[in-house]
Amino acid sequence: MIDDAIRVLAGDCTVIAEADDRSEYRGRVTTIVKPDNTVLVHDIDGYQPVAWLTRADSVSSDRAGDFTLVAKKDTQTLRIAAHEQDGFAHYPASAAGTPVGTCQNEDCAGELVRSKGVHCVDCGTRYGIPTDATIKDDQSYCDCGLPRMRVERGLAFDVCLDRNCESLDEAVREAFDREWDCPESNCDGDLRILRRGGLIAGCEHYPECDTGFAMPAGVVDGECDCGLPTFETHGGTRCLDATCDRAVARHVEAASDD
Ligand SMILES: [Zn+2]
Ligand SMILES: [Zn+2]
Ligand SMILES: [Zn+2]
Ligand SMILES: [Zn+2]
């Protein structure tokens, strides 16, 4: 289930905002408290809150007597006292994102949306995915029913959102494990595909040889003068070795020819 909740307080309230100066308002307003402690007090007009505190350090509520919310952050305080309450409620809340498919959990047909990762709006199930992964409208679907994402790691891989179903690491390993030689002059090792935080191509003779490169987000499009592969990325062509300038130099030369 979704644990996060947005709290809403509506009624005739006095709102006091104190920082370097002090402002006091009175009106029939709606206060929204987000799970990250952002507090927004809205009146009848426009999109902008009358008063707000972004990601307060604390928000406390006191139901004795007049309903009071107190939000504090550094030297700022926001107090909301309800003289007459029209409503107070908690509503389940999730991040909003682009719809990408349908949840495949048993008894759940919720919408899957992508914000930072992919999550189900109904049951809260999450799939962590690489930030550069793309999920297109015309994506293919895995046998399990989940959409596939496209991730470029040397080649464009289409794999299930659920890493336990289809593993991106395994696909990259199958394609590139031992594909390239370690560039150290006195090392005869192959580069293995490993996960060290992110995916890396690292020398098989680790720890004697600590050569290793993060797999770039892009597809292999050639060979660098240093012998390693070059990758076509959003930022242009680059060597597997991010510190190698030979691929970049050649790229600039090629560009200046036309
Ligand atoms: Zn679900
Ligand atoms: Zn699957
Ligand atoms: Zn090596
Ligand atoms: Zn290079």
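Look up: the structure comes first, before these words.
Residues numbered from 1 in each chain as written. Chains lettered and ligands numbered in written order. Predicted model: local features only at pLDDT ≥ 70, side-chain atom pairs only at ≥ 80, totals over all residues. Heavy atoms only, no water.

Undergrad: Any chance you could explain the coordination of the zinc ion (ligand 4) here in plain terms?
TA: Around a metal, the perfect tetrahedron of four donors has angles of 109.5 degrees, and the perfect octahedron of six donors has angles of 90 or 180 degrees. For the zinc ion (ligand 4), the protein coordination sphere consists of Cys224 (SG), Cys226 (SG), Cys239 (SG) and Cys244 (SG), at 2.3 Å. Geometry at the zinc ion (ligand 4) is tetrahedral, judged from the 4 donor atoms that bind it and their angles of 102 to 119 degrees at the metal. The sequence pattern formed by the donor residues of the zinc ion (ligand 4) is C-x1-C-x12-C-x4-C. With a gap of 15 residues between them, Cys224 in the loop between β17 (218-223) and β18 (229-233) and Cys239 in strand β19 (residues 236-239) connect regions that are remote in the sequence. Residue class for Cys224 comes out buried when judged on its relative accessible area of 3%. (Donors = N, O, S within 2.8 Å, 3.2 Å for Na, K, Ca; no water. Tetrahedral: all angles 85-135°; square planar, octahedral: opposite > 155°, others 65-115°. Helix = DSSP H or I, 4+ residues; strand = E, 2+ residues; numbered from the N terminus. Buried < 20%, exposed > 50% of the residue type's maximum accessible area, 1.4 Å probe, protein only.)

Undergrad: Can you walk me through unusual backbone geometry in this structure?
TA: Of all residues except glycine, most have a negative phi; of all peptide bonds, most are trans. Residue Pro207 follows Tyr206 across a cis peptide bond; omega there is 5 degrees. Inspection of the secondary structure puts Pro207 in the loop between β15 (198-203) and β16 (212-214). With a phi angle near 45 degrees, Arg55 is a residue other than glycine that sits in the positive phi range. Arg55 gets classed as exposed once you look at its relative accessible area, which sits at 53%. Here Asp74, not a glycine, exhibits a phi torsion of approximately 50 degrees, which is positive. In this fold, Asp74 is placed in the loop between β6 (67-73) and β7 (76-92). On the basis of relative accessible area, Asp74 is assigned to the exposed category, the value being 67%.

Undergrad: How do you make sense of the sheet that holds β17 when you look at a structure like this?
TA: Each strand in a sheet pairs with its neighbour through backbone hydrogen bonds, running either in the same direction (parallel) or in the opposite one (antiparallel). The strand order across the open sheet built from 5 strands is β13-β12-β17-β18-β19, with neighbouring strands paired in mixed fashion. Two strands in the sheet have a free side with no partner beyond their single neighbour: β13 (156-160) and β19. Direction aside, the axes of adjacent strands within the sheet are offset by 35 degrees on average. In the sheet, strand β12 (residues 148-154) pairs with β17 via 2 bridges, with the strands oriented parallel. Bridge pairing links Arg153 to Gly218 in β17. Contacting β12, β13 and β17, helix α1 (residues 168-176) runs over the sheet at an angle of about 145 degrees to β13. (Pairing = 2+ DSSP bridges. Axes fitted to C-alpha atoms, helices over the stretch in contact; angles between N-to-C directions. Contact = heavy atoms within 4.5 Å.)

Undergrad: Even after reading the chapter, I still don't get the pattern of salt bridges, so can you show me in this structure?
TA: Think of it this way: side chains of opposite charge can pair up when their charged atoms draw near. Counting across every chain of the model gives 14 salt bridges. Between Asp12 and Arg26 there is a salt bridge whose closest N-O contact spans 2.8 Å. Here Asp12, found in strand β1 (residues 5-18), pairs with Arg26, found in strand β2 (residues 22-33); they are 14 residues apart in sequence, far enough to count as distant. Arg26 sits in the exposed class, given a relative accessible area of 55%. Linked by salt bridges that have partners in common, Glu18, Arg22, Glu24 and Arg79 make up one network. (Salt bridge = Lys/Arg side-chain N within 4 Å of Asp/Glu carboxyl O.)

Undergrad: Sorry, what's going on with the coordination of the zinc ion (ligand 3) here?
TA: In the first shell of the zinc ion (ligand 3), the protein supplies Cys182 (SG), Cys187 (SG), Cys203 (SG) and Cys209 (SG), at 2.3 Å from the metal. In this structure, the zinc ion (ligand 3) is coordinated by 4 donor atoms arranged in tetrahedral fashion, with angles at the metal of 102 to 118 degrees. Here the donor residues of the zinc ion (ligand 3) are spaced in sequence according to C-x4-C-x15-C-x5-C. In this pair, Cys187 is assigned in the loop between α1 and β14 (191-196) and Cys209 in the loop between β15 and β16, connecting sequence segments 22 residues apart. For Cys209, a relative accessible area of 9% gives the class buried.

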